[in-house]
Amino acid sequence: MMDHFVVEGGEPLSGTITCSGAKNAALPLMAAALLTDGVTVLRNIPDLQDIRTMAMVLRVIGADVQFEDHVLTIDASHCNFQEAPYELVRKMRASFYVLGPLLARFGHARVSLPGGCALGPRPVDLHLKGMTKLGCDISIENGYAVAETSGMKGNKIRLDISSVGATGNIMMAACGAEGTTTIFNAACEPDIVDLADMLNAMGAEISGIGTNQIKIIGPRKLKPVEWTVIPDRIEAGTFMIAAAATGGRVTLEGCRPDHLQTVIDKLIEAGADVNIGKDRKSVTVNATNRRLHSVDLTTEAYPGFPTDLQAPWTVLMSIAKGDAIIIETIYPERFTHIPELIRLGAQISKTLNNIYIEGVDQLTAASVMCSDIRAGAGLVLAALAAKGSSKVLRIYHLDRGYDRMEDKLTALGADIRRVRE
Ligand code: UD1
């Protein structure tokens, strides 16, 4: 349970690996399976703790869920309990995605409020506001959102913040609402596009997909489908930045470079060579024999630079030539990796949601501790770049979000070993 990694750093990563399916696309697709009373098959599902947690949530609701060889089979025909318990939602906030589908199909749901996390406060007010606009009565009772409707009606919903989760949740609920729902300032992340595409394949009528204005016409009787989840752009981005941070050369296959344009642009700006394969499904990052230079960035909603790659980028800037400023606009408190990076010799100072990084020649090995998935990924990258033997503790956070991370790094020549405790 409390496994850790031992990393001998200082060697460039080199070679080719294949990307896994996208966690953040797979989780809402799993919730969408609740919208039908048949068997949904989801392929290219990453083998992760978060996927197993969502499978548990669906099982509590009464679905039969099998997970084998990256294929999920979800039989939602006998769902008889419209509730997501605190024990599961507190482990993974994305469990909250079941609210919309349960309301659309059953007209009532009781879903635990997620509470805070290492990224700082993460409210679900926009999800609840959206469901209310669709005609649901929602009250907070004993830490749970208790929602009820005698029939949802389409409406105009403007999100104050372009929330990924709220967009997906409201979109699924709206499939069961009578009439037209328009979501303004909707998220256009590829994960939301994948969800909308699958819902349409199931028989929904959604347009404006991939824009900030999504229209859903309902209600539609949805039927189960077989669906292949998109590749994980955050996993791909993590390995691309890892190649750059170790002065290596890495090819990623089975990815979607078009989902990574901002990351590619930033890597090129910092001095790496990035080549997209002819098939547009692979990308090579080459940073051999050079030290990259500093590049400022601001995290933004898609297609901006993703907050989920802020920690890896901070690591790259820690050893780049010059000073860099990173502004975190999505989660202004998402900086738990900074004190750990300072233990590895990074020179970073923080003011509000800005960090200032003075690039050093070399990080030095140390023991460090993960506090969330992406902060943890940053620490692994830092350990790979640092000279000497580092320990990365609490890697259960990494197991939530990276499919066999150490195997993929080993395939790229890294000296990384899991120690089981
Ligand atoms: C998803 C991703 C996460 C990523 C994040 C931003 C999943 C499972 N997780 O999280 O990895 O870091 O998008 O790209 O897909 N907000 C509110 N009220 C709400 C909802 C959100 O104020 O009701 C705020 C959040 O606190 C945050 C911002 O909106 O500041 C964006 O959050 P959101 O896009 O909802 O993130 P998640 O969907 O939770």
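Here the structure is a predicted model, which means the values were calculated and not measured. (Residues numbered from 1 in each chain as written. Predicted model: local features only at pLDDT ≥ 70, side-chain atom pairs only at ≥ 80, totals over all residues. Heavy atoms only, no water.)

The next point concerns the nonpolar core. Nonpolar side chains tend toward joint burial in soluble globular proteins. Met-30, Val-98, Met-171 and Leu-199 are the most contacted members of the largest nonpolar core, which has 76 residues in total. Of the residues forming this core, the biggest block, seven residues, is contributed by helix 1 (residues 23-32). (Core = buried A, V, L, I, M, F, W, Y, C linked by side-chain atoms within 4.5 Å. Buried < 20%, exposed > 50% of the residue type's maximum accessible area, 1.4 Å probe, protein only. Helix = DSSP H or I, 4+ residues; strand = E, 2+ residues; numbered from the N terminus.)

Residue placement: Met-171 occurs in helix 6 (residues 164-174). Residues within four places of Met-171 in sequence aside, it is in contact with Ile-183, Ile-192, Leu-195, Ala-196, Leu-199, Ile-206, Ile-214 and Ile-216. (Contact = heavy atoms within 4.5 Å.)

Counting across every chain of the model gives 21 salt bridges. Among the salt bridges present, the one from Lys-408 reaches Glu-235, with a minimum N-O distance of 2.5 Å. Note that Lys-408 is positioned in helix 14 (residues 405-411) and Glu-235 in helix 8 (residues 233-245), a separation of 173 residues in sequence. For the pair Lys-408 and Glu-235, one class covers both residues: buried. In this structure, Asp-308 and Arg-334 form a salt bridge, with 2.8 Å as the shortest nitrogen-oxygen distance. Placement of Asp-308 in the loop between strand 18 (297-298) and helix 10 (310-318) and of Arg-334 in the loop between strand 19 (323-327) and helix 11 (337-343) is noted, with a sequence separation of 26 residues between them. Asp-308 sits in the buried class, given a relative accessible area of 15%. Linked by salt bridges that have partners in common, Asp-3, Asp-399, Glu-406, Arg-418 and Arg-420 make up one network. (Salt bridge = Lys/Arg side-chain N within 4 Å of Asp/Glu carboxyl O.)

On to the packing of helix 4 (residues 99-106) against helix 6. In the contact formed by helix 4 and helix 6, the axes pass within 7 Å of each other and the chain directions differ by 10 degrees. As far as their axial angle goes, helix 6 and helix 4 are roughly parallel. Residues Leu-99, Gly-100, Pro-101 and Ala-104 of helix 4 form the contact with helix 6, whose participating residues are Asn-169, Met-172 and Ala-173. (Axes fitted to C-alpha atoms, helices over the stretch in contact; angles between N-to-C directions. Parallel < 35°, antiparallel > 145°, perpendicular 65-115°, else oblique.)

Once that is clear, we can look at the domain arrangement of the protein chain. Once the domains are mapped, the protein chain shows domain 1 (4-20 + 231-419) and domain 2 (23-221). Measuring from the centre of the C-alpha atoms in domain 1 to the corresponding centre in domain 2 gives 30 Å. Each partner contributes residues to the interface: domain 1 has 20 residues there, and domain 2 has 20 residues. Summed over both partners, the interface of domain 1 with domain 2 comes to about 1,700 Å²; 52% of that surface belongs to carbon and sulfur atoms. Among the residues of domain 1 in contact with domain 2, Tyr-302, Tyr-331 and Arg-400 are the three that bury the most area, contributing 33% of the side total. In this assembly, domain 1 and domain 2 are joined by two salt bridges. Applying the counting rule to domain 1 against domain 2 returns eight residue pairs in polar contact (both at pLDDT 80 or more). Taken together, the elements giving at least two residues each to the side of domain 1 that touches domain 2 come down to helix 12 (373-385) and helix 13 (396-401). The element that contributes the greatest number of residues to the side of domain 1 that touches domain 2 is helix 13, accounting for three residues. Here the residues of the side of domain 1 that touches domain 2 sort into five nonpolar, five polar and 10 charged. (Domains from an automatic or database assignment. Buried area = accessible area lost by both parts, 1.4 Å probe. Polar contact = N/O pair within 3.5 Å; in protein donor to acceptor, adjacent residues only side chain to side chain. Nonpolar A, V, L, I, M, F, W, Y, C, P; charged D, E, K, R; others polar.)

This next bit is on the sheet that holds strand 3 (residues 39-43). Read across the sheet, four strands follow the order 4-5-3-14 without closing on themselves; strand pairing throughout is mixed. The outermost strands of the open sheet, each flanked by one partner alone, are strand 4 (64-68) and strand 14 (226-228). Strand-to-strand twist of the sheet, defined as the mean angle between neighbouring strand axes without regard to direction, takes the value 15 degrees. Both strand 3 and strand 5 (residues 71-75) contribute to a ladder of four bridges, which runs antiparallel. Residue pairing across strands places Val-39 opposite Asp-75, the latter belonging to strand 5. Across the sheet, helix 2 (residues 49-61) is in contact with strand 4 and strand 5; its angle to strand 4 comes to roughly 160 degrees. (Pairing = 2+ DSSP bridges.)

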